[in-house]
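# Secondary and tertiary structure notes
One-letter residues, chain by chain:
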Amino acid sequence: MASPRRMRVGVSQLLLGALALTLAVLLFAVASLQRRIDSGSAVTSSQTSLAAPPPPGSRRDVGNAEGDKEKSGELSKSKNAFHFVVSSDCTSYQRWETLTQLHSAQSVRQCGRFTWIVSGCLEEESAHLGKGKGGAHSDILTPSSLLAEVERHFPHLTISNHTIATGVGRSASVAHAHEDDCSTLHPHVHFTPDYSDMTKYGGPYADGKTRRSFLNRKGKVVYGTYGNTYKFNNKPNGLHHWAVDFLAQDDRRDEAIVLIDPDFLFLTQFQFPEGTPPVLPGKPAAAKYGLGGQFLDFNLTQICDQAPALEMMSNGQSKSCPFVTITNKDVNQYYSAGPPYVIHIQDVLALSKRWLDLVPPTYDFYPLLYAEMFAYSMAAADLDLKHNLIRGLFTGCMTQWPHTHGEAELKALEMSAKVYANYVGDAQEGDGANKGASSCFLSPLIPPPFLHYCARYSFAIPFPAESNVGGITSTYHFFAKRRVDDDVLDCSHSHPLEPFVSTKQEKGEGGDKNWNVLAVCSVVSAINYAKKKGCENDMQ
């Protein structure tokens, strides 16, 4: 049986795509280079300038002897140097999300390297075709239009695939100018093709006409909502595309790759809970999710047949995929995983390859949102990559709100929520709304490292409800990411973003009124902080 992967776009089409990307980068380079010459600085293509300095113990912080140990992974036995990787499409919607994420990392002085994988940009001459086609009232962008906005926010960005400036102005010094300052990010951008067209991967739906459906546990037939366009297939394919390029050009083999989505915000510096063992080759970690072993009800033999196991039996027949025989206990203990995925760099290539092979047949059987997450669990099981599933790495959706410990922390939670609710209710002006997400939390309340804002969060004014002794009609304030204008970070908007308002009752996410307030505060404050920082760069 022919592998589905062989049914990709032809070589000629890929070459045309690469040529288009080269043209885009060259166009961007001309404008960028002239600006850099005028200002005395330049963008570099070196991977050594991707981000703020790595934590103590990384190669640039130790002598040659320890640097050699780091290459072999010996130093990783006690700690990890994190490399944060976010995968997005090429829309103005996920552009503002990712830029806001990067600024939130900078606001908490998160050390590490930062890579942004962007999939599915338009060719430069086709920019007009992307208007309003990006979802959430956004546009599909060209590489140059995305890069121009990234550079406005982070002037020392680098990109792979192609070089956009070398040996000009202060490029060499720029690469090392901020190595002792974790508040300065040097994001790295990596472009990939679009992998969302699921008709290209063979299988029973390759004709693009037959509709995918799924028989759920209640015996109800559920039809897929994404059709033949499943954008989440960009995540494993984009990760693999980047990993091939990265491993060919960068000799660091000690990092732990932290894979997150665009709608993640840094609330505090990312680190494992005390006592958690570091990630090592063959020993990844991830956030504990509640999806469990739902995929064990799928036709796993059929999925395996469409994406055969990597090993072959001596008679030439495909070996049964290991995920076919795992149990619910295995899944709950090792594989009920989700972002942030924390994977040692030495495991990324094999895991991303098996993951991308399994998404198409999994999506054919289960054409719904979590197909790529279930495929990840299957891929990890196939490679015997048992994950350390960690609670408390994030909050916001697909998990419970954090538990408060002790009276002081509970009071801080209540007061943090009350302060922001009063700020919104009184329609106060000033810079209180653009100090960053971490400003929403009063001591001693310490939030998890990440907020995953994939839900709708709301609260009522007056707040709390029991304070409404006069019978005043409540006004509901909420945040929903798809309601945000795609140009929200544009400096032409003179007023900061405010929570959306409704006179209809809004249901709070997860039932905790205080955390709903703080979720709204965190995202709105992070967006306003990102806008403020980007506009400050414009004025320099």
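Residues numbered from 1 in each chain as written. Predicted model: local features only at pLDDT ≥ 70, side-chain atom pairs only at ≥ 80, totals over all residues. Heavy atoms only, no water.

## As for the state of the cysteines
Test applied: Pairs of cysteine sulfur atoms within 2.5 Å are identified as disulfides in what follows. Helical segments are the DSSP runs of H or I of at least four residues, strand segments are the runs of E of at least two, and each set is numbered from the N terminus. Relative accessibility thresholds used throughout: buried, under 20% of the residue-type maximum; exposed, over 50%; partly exposed, between the two (1.4 Å probe, protein chains only).
Under the definition given, this model contains six disulfides. In this model Cys 440 forms its disulfide with Cys 521; the gap between the sulfur atoms is 2.0 Å. Taking the torsion about the S-S bond as the criterion, the Cys 440 to Cys 521 disulfide, at about -90°, is left-handed. Pair noted here: Cys 440 is in the loop between α11 (407–425) and β13 (450–452) and Cys 521 is in helix α12 (residues 513–539), with a separation of 81 residues, a long-range link. Cys 521 carries the same exposure label as Cys 440, and that label is buried. There is a disulfide in this structure between Cys 491 and Cys 535, and the S-S distance comes to 2.1 Å. Taking the torsion about the sulfur-sulfur bond, which here is approximately -115°, the covalent link between Cys 491 and Cys 535 counts as left-handed. Of this pair, Cys 491 sits in the loop between β15 (475–479) and β16 (500–502) while Cys 535 sits in helix α12, and the two are 44 residues apart along the sequence.

## A closer look at the pattern of salt bridges
So the rule is basically this: Within this document, salt bridges are pairs made up of a side-chain nitrogen of Lys or Arg and a carboxyl oxygen of Asp or Glu, the two lying within 4 Å of each other.
Summed over the entire model, instances satisfying the criterion amount to 15 salt bridges. Of the charged contacts, one joins Asp 139 and Lys 131 as a salt bridge, the two residues approaching to 3.8 Å between their closest N and O atoms. Assessed through its relative accessible area of 59%, Lys 131 is described here as exposed. A salt bridge links Glu 506 to Arg 456; the nearest nitrogen and oxygen atoms lie 2.9 Å apart. Within this pair, whereas Glu 506 is found in the loop between β16 and α12, its partner Arg 456 is found in the loop between β13 and β14 (457–461), the two being separated by 50 residues in sequence. For Arg 456, a relative accessible area of 34% translates into the label partly exposed. Each of Arg 113, Asp 250 and Glu 255 takes part in one network of salt bridges that share partners.

## Here we look at α11
As a reminder, the rule being used: For a helix, the expected span equals 1.5 Å multiplied by the residue count minus one. Think of the arc as the fan of directions from the helix axis to the C-beta atoms.
Taking 1.5 Å of rise per residue, 19 residues should cover 27 Å, and α11 covers 26 Å from first to last C-alpha, within 8% of that figure. Within the sequence span of α11, burial applies to Glu 409, Ala 412, Leu 413, Ser 416, Ala 417, Tyr 420, Ala 421, Tyr 423 and Val 424. Viewed end-on, α11 has its buried residues packed into an arc of 160°, placing them on one side of the element. Among the exposed residues of α11, those oriented more than 90 degrees off its buried face are Glu 407 and Lys 411.

## Some details on the nonpolar core
Applied cut-off: Side-chain atoms within 4.5 Å are what join buried Ala, Val, Leu, Ile, Met, Phe, Trp, Tyr and Cys residues into a set we call a nonpolar core. Throughout, a contact is declared for two residues whenever any of their heavy atoms are within 4.5 Å.
Judged by nonpolar contacts, the single largest core of 131 residues is most densely connected at Phe 270 and Phe 479. Once you skip the residues sitting within four places of it in the chain, Phe 270 turns out to touch Phe 82, Phe 84, Gln 110, Val 258, Pro 340, Val 342, Leu 393, Pro 449 and Phe 450.

## What to know about the environment of Arg 354
The condition that has to hold: Polar contacts, as counted here, are pairs of nitrogen or oxygen atoms within 3.5 Å of one another; within protein the pair requires one atom able to donate a hydrogen and one able to accept it, and residues that are adjacent in sequence qualify only if both atoms are side-chain atoms.
Take Arg 354: it is sitting in helix α9 (residues 345–365). Note on Arg 354: relative accessible area 1%, which makes it buried. Sequence separation between Arg 354 and Pro 236 is 118 residues; the distance between their C-alpha atoms is 8.9 Å. A polar side-chain atom of Arg 354 sits 3.2 Å from the main-chain carbonyl oxygen of Pro 308.

## A word on the side chain of Ser 502
Along the polypeptide, Ser 502 turns up in strand β16. At 3.0 Å, the side chain of Ser 502 forms a polar contact with the backbone nitrogen of Lys 504. Apart from the residues lying within four places of it in its own chain, the contact partners of Ser 502 are Thr 475, Tyr 476 and Phe 478.

## Section: the packing of aromatic side chains
What counts, and what does not: Side-chain rings of Phe, Tyr and Trp (the six-membered ring for Trp) are treated as a pair once their centres are within 6.5 Å; stacked means planes under 30 degrees apart, edge-to-face means over 60, and tilted covers the remaining angles.
Using the criterion set out here, one finds 40 aromatic pairs in the structure. With centroids separated by 6.3 Å and ring planes inclined at 65°, the aromatic side chains of Phe 114 and Phe 266 adopt a geometry described as edge-to-face. With Phe 114 in strand β2 (residues 113–119) and Phe 266 in strand β8 (residues 264–266), this pair connects stretches of sequence that are 152 residues apart. The same class applies to Phe 114 and to Phe 266, which are both buried. Geometrically, the ring pair formed by Phe 298 and Phe 374 is edge-to-face, given 5.6 Å between the ring centres and 85° between the ring planes. Within this pair, whereas Phe 298 is found in the loop between β9 (285–288) and α7 (300–306), its partner Phe 374 is found in helix α10 (residues 371–382), the two being separated by 76 residues in sequence. A relative accessible area of 2% places Phe 374 in the buried class. One aromatic cluster in this structure is built from Phe 82, Phe 84, Phe 114, Phe 264, Phe 266, Phe 270, Phe 272, Tyr 289, Phe 394 and Phe 450.

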